[in-house]
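# A structural walkthrough
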Amino acid sequence: MTEARVILVIEDEAAIAETICYALSTDGFQTHWRSTGHEGIECARTLYPQLILLDIGLPDTNGFEIFRRLQTQLETPPAVIFLTARSEEIDRIVGLELGADDYISKPFSPRELCARVRAVLRRSQPNITEPPRPEQTRFKIIAERFEIHYHGMPLLLTLHEFRLLQTLIQQPQRVFSREELLSRCWDAPEHRLDRAIDTHIKTLRAKLFTVRPGDDVIRTHRGIGYSLQ
């Protein structure tokens, strides 16, 4: 169901909201952003989000008041996670006593935020299937045949290309150094050369481009190594 994937972000700071929306969208959710409490309530009435990330310090009113209005004005109130720059214990207590599902203090890790969102959705909507993560929909690994499919298309890979791509897929967004990739993907120590990684990454990118031109899913971290985006 599409509704199960909808997240509403009510946050007045554009940079924070953009970071949240980007993190959640890459994790498979549909995100909508409103910068005031009034706009957020109006959006919630028509959008029927599964979860709302609600900033406490909004320009038109505080998040606690918005939470109360959501609880009384919506037939089926969504799960709510409070966001705040304040770290006082009293704020956390008030938010949780009102009935919020979780509470996250700024600054926060985008990965932690996504994990908390998934955990709240599992608790509040146990019958809702969690949206598939992007790497699960883009790639399919058939380990026994040393095959990887990209957007449904099989890639013609060498053994080392297969091992490299499999390693990146299994831990998306993690940055692997060249040395670590060599250790994981090559068997013979005498054949371990840093430039071998760069060469194989280049050919991997070319093969991925043949399926999705311009979609560069392998990111280069200069002086460090590579990651899957």
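This text follows the structure it describes.
Let me sum up the structure you'll find in this document. (Residues numbered from 1 in each chain as written. Predicted model: local features only at pLDDT ≥ 70, side-chain atom pairs only at ≥ 80, totals over all residues. Heavy atoms only, no water.)

### Quick word on the side chain of Arg-178
Checked against the element boundaries, Arg-178 lands in helix H8 (residues 178-185). Here Asp-198 takes part through its side chain, which lies 2.9 Å from a polar atom of the side chain of Arg-178. (Helix = DSSP H or I, 4+ residues; strand = E, 2+ residues; numbered from the N terminus. Polar contact = N/O pair within 3.5 Å; in protein donor to acceptor, adjacent residues only side chain to side chain.)

### Observations concerning the environment of Glu-75
Note on placement: Glu-75 falls in the loop between helix H3 (63-73) and strand E4 (79-84). The exposure class of Glu-75 is exposed, given its relative accessible area of 80%. (Buried < 20%, exposed > 50% of the residue type's maximum accessible area, 1.4 Å probe, protein only.)

### Looking at the environment of Val-175
Positionally, Val-175 belongs in the loop between helix H7 (159-170) and strand E9 (176-177). When its relative accessible area of 33% is taken as the criterion, Val-175 is described as partly exposed. C-alpha of Val-175 to C-alpha of Gly-225: the two residues are 50 residues apart in sequence and 6.5 Å apart in space. Dropping the residues within four chain positions of it, Val-175 is found in contact with His-221, Ile-224, Tyr-226 and Ser-227. (Contact = heavy atoms within 4.5 Å.)

### Thoughts on H8
Helical periodicity: at 3.6 residues per turn, an α-helix aligns residues three or four positions apart in one direction. Among the residues of H8, those classed as buried are Arg-178, Leu-181, Leu-182 and Cys-185. Buried residues of H8, seen end-on, are gathered within an arc of 100 degrees and therefore sit on one face of the element. (Arc of directions from axis to C-beta.)

### A few points about the sheet that holds strand E1 (residues 6-10)
With parallel pairing, the five strands of this open sheet are ordered in space as E2-E1-E3-E4-E5. Each of the sheet's edge strands pairs with one partner strand only, and the pair in question is strand E2 (30-34) and strand E5 (102-105). For this sheet, the mean inter-axis angle between neighbouring strands, taken without regard to orientation, is 20 degrees. Summarising the sheet, E1 and E2 pair through five bridges and their orientation is parallel. Across the sheet, the residue bridging to Val-9 is Trp-33, located in E2. Against the sheet, helix H2 (residues 37-47) engages E1, E2 and strand E3 (51-55), with an angle of about 165 degrees to E1. (Pairing = 2+ DSSP bridges. Axes fitted to C-alpha atoms, helices over the stretch in contact; angles between N-to-C directions.)

### A short note on the packing of helix H1 (residues 14-26) against helix H5 (residues 110-124)
Taken N-terminus to C-terminus, the directions of H1 and H5 make an angle of 60 degrees; their axes are 10 Å apart at the nearest point. Looking at the two axes, H1 sits oblique to H5. Where H1 crosses over H5, the two elements pack in a sense that is right-handed. On H5, the residues that touch Thr-19, Ile-20, Ala-23 and Leu-24 of H1 are Pro-110, Leu-113, Cys-114 and Val-117. Of the residues that constitute the contact of H1 with H5, the class distribution is seven nonpolar, one polar and no charged. (Parallel < 35°, antiparallel > 145°, perpendicular 65-115°, else oblique. Left-handed = near helix turned anticlockwise from the far one by under 90°. Nonpolar A, V, L, I, M, F, W, Y, C, P; charged D, E, K, R; others polar.)

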